Amino acid sequence: MKVNVDFDLCASTGGCMQVCPEVFEVRSDGYLYVLQDEPPAELHDKVREAAELCPTAAIELEE
């Protein structure tokens, strides 16, 4: 799995970080950072959930 974020769409709401903080982090500068763009298999379900919950559909997954 590869995680791609369209930063033009991303509103940095932090929902993805709440679901999967191992992969997503909104820092004090207000921007989202992807900590692991190819997360291990044990995180795939959490990453999928984070992508589904994204209000702007900014997270795209390549599986």
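The structure reproduced in this document is the subject of the present report. Keep in mind it's a predicted model, so treat the numbers as computed, not measured. (Residues numbered from 1 in each chain as written. Predicted model: local features only at pLDDT ≥ 70, side-chain atom pairs only at ≥ 80, totals over all residues. Heavy atoms only, no water.)

1. Considerations on the nonpolar core
Judged by nonpolar contacts, the single largest core of 16 residues is most densely connected at V3, V5, V23, F24, V47 and I59. Among the elements of the structure, β1 (2-5), α1 (15-19) and α2 (44-53) are those that each provide at least two residues to this core. Broken down by element, the residue count for this core peaks at 3 residues, all from α2. If near-sequence neighbours (up to four positions away) are discounted, F24 is found in contact with V3, V5, C16, M17, L32, Y33, V47, A50 and I59. (Core = buried A, V, L, I, M, F, W, Y, C linked by side-chain atoms within 4.5 Å. Buried < 20%, exposed > 50% of the residue type's maximum accessible area, 1.4 Å probe, protein only. Helix = DSSP H or I, 4+ residues; strand = E, 2+ residues; numbered from the N terminus. Contact = heavy atoms within 4.5 Å.)

2. A short note on the environment of Q36
Along the polypeptide, Q36 turns up in the loop between β3 (32-34) and α2. Separated by 15 residues in the primary sequence, Q36 and P21 have C-alpha atoms spaced 10 Å apart. Setting aside anything within four residues of it in sequence, one finds Q36 in contact with V3, E22, V23 and L43.

3. Notes on the pattern of salt bridges
A complete count under the given rule lists 5 salt bridges for this structure. Of the charged contacts in the structure, one is a salt bridge between E22 and K46, with a shortest N-O distance of 2.8 Å. Taken together, the residues span a long stretch of sequence, with E22 in the loop between α1 and β2 (24-26) and K46 in helix α2 at a distance of 24 residues. You can call E22 partly exposed: its relative accessible area is 31%. (Salt bridge = Lys/Arg side-chain N within 4 Å of Asp/Glu carboxyl O.)

Taken by themselves, the reported measurements are silent on function.
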